[in-house]
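Listed below are the residues making up each chain.
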Amino acid sequence: MLWMKLKMVVDSLRGRRRRLPCYLWFLLLFAAGGLVLFIHQRDLSEMVQQQGPGVKLGSTQRQSRETLSMQDRERGKSDNYQHQQEIEGILSSPIPPMQFPHFEESRQAATLGSREQSRQTAIPGSREQNRQMLTTWSREQDITSLHVSKRHRKLLKTSPPIHHTTKKDSSSSSSPSSSSSSSSSSSVSSPSVSGSSILDRWKKLADIQVARRQLMKEICAKYKSNISKTITGHHVKNLFVEDKYKLLYCQVPKAGCSNWKRTLMVLAGMAPNAQSIKHDTVHDGNHLRELRTFDHKGVMHRLETYTKVMFVREPLERIVSAYRDKFENPNDYYHNLFGKPIISKYRANPSVEALKTGNGVTFKEFVQYLLDVHRPVGMDIHWEQANQLCNPCLIDYDFIGKFESMEEESNFLLRLTGAPPNVKLPSFKDRNPADKRTSTEITEKYFSQVSTLERQRIYDFYYTDYLMFNYTKPFKDLY
């Protein structure tokens, strides 16, 4: 019995010895495979080093350039740290950043040196060079570009009302609550200033354009991100084409629209000067071609290659200007089309004469019509929101000008597009020239005729324009 047990133990030990070579063989194969893989990796690494430092294993040349670009931007972040601190200090002020005339100058200082030479050579260059440079400036997106924070949006809602500088008080200091455009207009270059001063001012104006476009994109991303991206004839119905100087102008009535159309006609060679073009010729002569009259290919080609321009105005000041023009002065078209139904619906005891002629619409009745979701007659281009007229969330505008600094910004644009030096935007008022131009004071006078609730609702109605084009609250009692 003992012998049998001893034999079983010996047989068991022999079986284990027979299995040991299998384990050893497996370990040897694993080690050999690892050695081959190590040698292969080393050879590939040497090949990459021979090709140069820009290329990584498994990456295309385009990916390598993108990686280097990201590294450059990271270096830019550290270089521009001081300038970002300056921007944070400005954002903590009770006035929105773009209302400071020197904000754009400071935020571009870090990257200005790299573009100095190209800008200096482009300004006195050919028409095509200047047009391309304008597009380049307006589309620059560097590391210090303005980003609209929640704090900034709050400031847009709570800033004090704007006060535009008039000719009478142009010598006095501007109010701290004036808009960026009115602030910038106070430093218009005189003919006697040096060329370097003009160049500096042009740089500031170009940087202002970058800031305006960036703000508009941020607002569009927040409030209009769900709109269709397909451009139709409806979206471009207010754009006019000037092919010679490759301009697309979106009309915003009561924001210098008539004079800009005159200027486009002069650029196209239709008239020797803007002063010789009458108002009816501008709007009823069909001399300027609308973008929507081209086929789809022609529309898209011009949208992609032409300089796209729009000018805006403080929204409530604009609608007061429209009311004064269309309802306080003789105008059979607007009195018949809008006056009659407005008086009929919103006046308690209208006279037969008022119902017959449509004359005498009060400002309060006009406001009631604007706020009525069931209007007796539709909206009109003269008081439609600017963002609805020009669709800036769909069309990437290269230049966003403001009525409050119209002269300086228009001439800046004309010089960049290569227009002749004698072509400038006219400033005359051809309709009802005896009436004073609508100002902040006149706007406040008209809105004193309506209730606080109506003022709040009108502000809400144009709220997107206030945000998108960076205009401050018109009245202190608005929330």
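Bear in mind the structure is a predicted one, so any value in this text is a computation, not a measurement.

A few words on the overall build of the chain. In terms of helices and strands, the chain carries 21 helices and five strands. Counting across all 479 residues of the chain, residues that qualify as buried make up 47%. Partitioning the intrachain contacts of the chain with sequence separation of at least 6 by distance along the chain shows that 73% fall at a separation of at least 24. As displayed, the chain has an accessible area near 25900 Å², and 56% of this comes from carbon and sulfur atoms.

With that settled, the discussion passes to helix α12 (residues 296-305). Among all positions in α12, only Gly298, Val299, Arg302 and Leu303 are buried. Viewed end-on, α12 has its buried residues packed into an arc of 130°, placing them on one side of the element. In this structure, α12 carries His296, Lys297 and Glu304 as exposed residues pointing more than 90 degrees from its buried face. In the core, the buried residues of α12 are packed alongside β1 (239-242), β2 (247-250) and β4 (307-312).

Let us look at the pattern of salt bridges. Scanning the model with the defined rule gives 13 salt bridges in all. Measuring nitrogen to oxygen at the nearest pair gives 2.9 Å for the salt bridge that ties Arg212 to Glu409. Here Glu409 lies in helix α18 (residues 406-416) and Arg212 lies in helix α9 (residues 195-223), a separation of 197 residues in the sequence. A salt bridge links Asp396 to Arg213; its shortest N-O distance comes to 2.4 Å. Note that Asp396 is positioned in the loop between α17 (386-390) and β5 (399-402) and Arg213 in helix α9, a separation of 183 residues in sequence. Taken together, the salt bridges that share partners define one network made up of Lys254, Asp325 and Lys326.

All right, on to the sheet that holds strand β3 (residues 289-290) then. Across the sheet, which stays open at both edges, the five strands sit in the order β3-β1-β2-β4-β5 with mixed pairing between neighbours. Among the strands making up the open sheet, the edge pair consists of β3 and β5. Bridge count between β1 and β2: four bridges; the pairing is antiparallel. When the bridges of β2 are listed, Glu242 appears paired with Leu247.

To continue, consider helix α16 (residues 363-371). Summarising burial for α16: seven of the nine residues are buried, a large majority. Of all the residues in α16, the buried ones are Phe363, Glu365, Phe366, Val367, Tyr369, Leu370 and Leu371.

Right, let's talk about unusual backbone geometry for a bit. Non-glycine residue Lys246 carries a positive phi angle of around 55°. Secondary-structure assignment places Lys246 in the loop between β1 and β2. Within the chain, Asn470 stands out as a residue other than glycine whose phi angle is a positive 60°. Its place among the elements puts Asn470 in the segment after α21 (463-468).

With that settled, the discussion passes to the state of the cysteines. One pass over the structure, following the stated rule, counts two disulfides. A disulfide bridge connects Cys220 with Cys393, and the sulfur atoms are separated by 1.9 Å. Linking Cys220 and Cys393, the disulfide has an S-S dihedral of approximately -80° and is accordingly described as left-handed. Placement of the pair is Cys220 in helix α9 and Cys393 in the loop between α17 and β5, with a sequence separation of 173 residues. Accessibility classification places Cys220 together with Cys393 in one group, the buried group.

All chains considered together, the criterion is met by 26 aromatic pairs. Ring centres of Tyr249 and Trp260 lie 5.6 Å apart, and the angle between their planes is 20°; this geometry places the pair in the stacked category. In this pair, Tyr249 is assigned in strand β2 and Trp260 in helix α10 (residues 257-267), connecting sequence segments 11 residues apart. Both residues of the pair, Tyr249 and Trp260, belong to the buried class. Both rings, one in Phe338 and one in Trp383, keep their centres 5.3 Å apart while their planes meet at 80°; by these two values the pair is edge-to-face. Here Phe338, found in helix α14 (residues 332-346), pairs with Trp383, found in the loop between α16 and α17; they are 45 residues apart in sequence, far enough to count as distant. Classification of Trp383 by relative accessible area gives buried; the value is 0%. Grouping aromatic residues by their ring pairs yields a cluster made of Tyr323, Phe327, Tyr333, Tyr334, Phe338, Phe363, Phe366, Tyr369, Trp383, Tyr446, Phe447 and Phe475. One cation-aromatic arrangement involves Arg302 over Phe294; the distance from NZ or CZ to the ring centre is 3.8 Å. For Arg313, the ring lying beneath its charged end belongs to Phe403, and the centroid distance is 4.0 Å.

Our next topic: the pairing of β5. Neither face of β5 is open: one carries Phe399 and Gly401, the other Ile400 and Lys402, and all of them are buried. Sheet analysis places β4 next to β5, joined by four bridges and oriented parallel. Directly across from Met310, in β5, lies its bridge partner Ile400.

On to the confidence of the model for the chain. Summarising the model, the chain shows a mean pLDDT of 74, and 61% of its residues fall at 70 or more. Of the regions scoring below 50 in pLDDT, residues 47-124 engages in 98 contacts with residues more than four places distant in sequence or in other chains. Across residues 140-192, where pLDDT falls below 50, the model places 121 contacts with residues more than four positions away in sequence or in other chains.

The next subject is the environment of Pro421. Tracing the backbone through its elements, the reader meets Pro421 in the loop between α18 and α19 (440-447). Sequence separation of Pro421 and Asn411 is 10 residues, and the distance between their C-alpha atoms is 9.2 Å.

This paragraph deals with the packing of α14 against α16. Their axes nearest at 10 Å, the elements α14 and α16 cross at an angle of 90°. By the angle between their axes, α14 is roughly perpendicular relative to α16. Taken together, the residues of α16 that come into contact with α14 (itself represented by Phe338, Ile342, Ile343 and Tyr346) are Glu365, Gln368 and Tyr369. A class-by-class count of the residues in the contact of α14 with α16 yields five nonpolar, one polar and one charged.

Let's shift gears to the environment of Glu404. The residue Glu404 is located in the loop between β5 and α18 in this model. For Glu404 and Glu314, which are 90 residues apart along the polypeptide, the C-alpha to C-alpha distance reads 8.2 Å. At 3.1 Å, the side chain of Glu404 forms a polar contact with the backbone nitrogen of Glu314.

Reading the values: rules and limits
Residues numbered from 1 in each chain as written. Predicted model: local features only at pLDDT ≥ 70, side-chain atom pairs only at ≥ 80, totals over all residues. Heavy atoms only, no water. Helix = DSSP H or I, 4+ residues; strand = E, 2+ residues; numbered from the N terminus. Buried < 20%, exposed > 50% of the residue type's maximum accessible area, 1.4 Å probe, protein only. Contact = heavy atoms within 4.5 Å. Areas by Shrake-Rupley, 256 points an atom, 1.4 Å probe, with all protein chains shown as cover. Arc of directions from axis to C-beta. Salt bridge = Lys/Arg side-chain N within 4 Å of Asp/Glu carboxyl O. Pairing = 2+ DSSP bridges. Disulfide = S-S within 2.5 Å. Phe/Tyr/Trp six-rings, centres within 6.5 Å; stacked < 30°, edge-to-face > 60°. Lys NZ or Arg CZ within 6 Å of the ring centre and 35° of its normal. pLDDT = per-residue confidence, 0-100. Axes fitted to C-alpha atoms, helices over the stretch in contact; angles between N-to-C directions. Parallel < 35°, antiparallel > 145°, perpendicular 65-115°, else oblique. Nonpolar A, V, L, I, M, F, W, Y, C, P; charged D, E, K, R; others polar. Polar contact = N/O pair within 3.5 Å; in protein donor to acceptor, adjacent residues only side chain to side chain.

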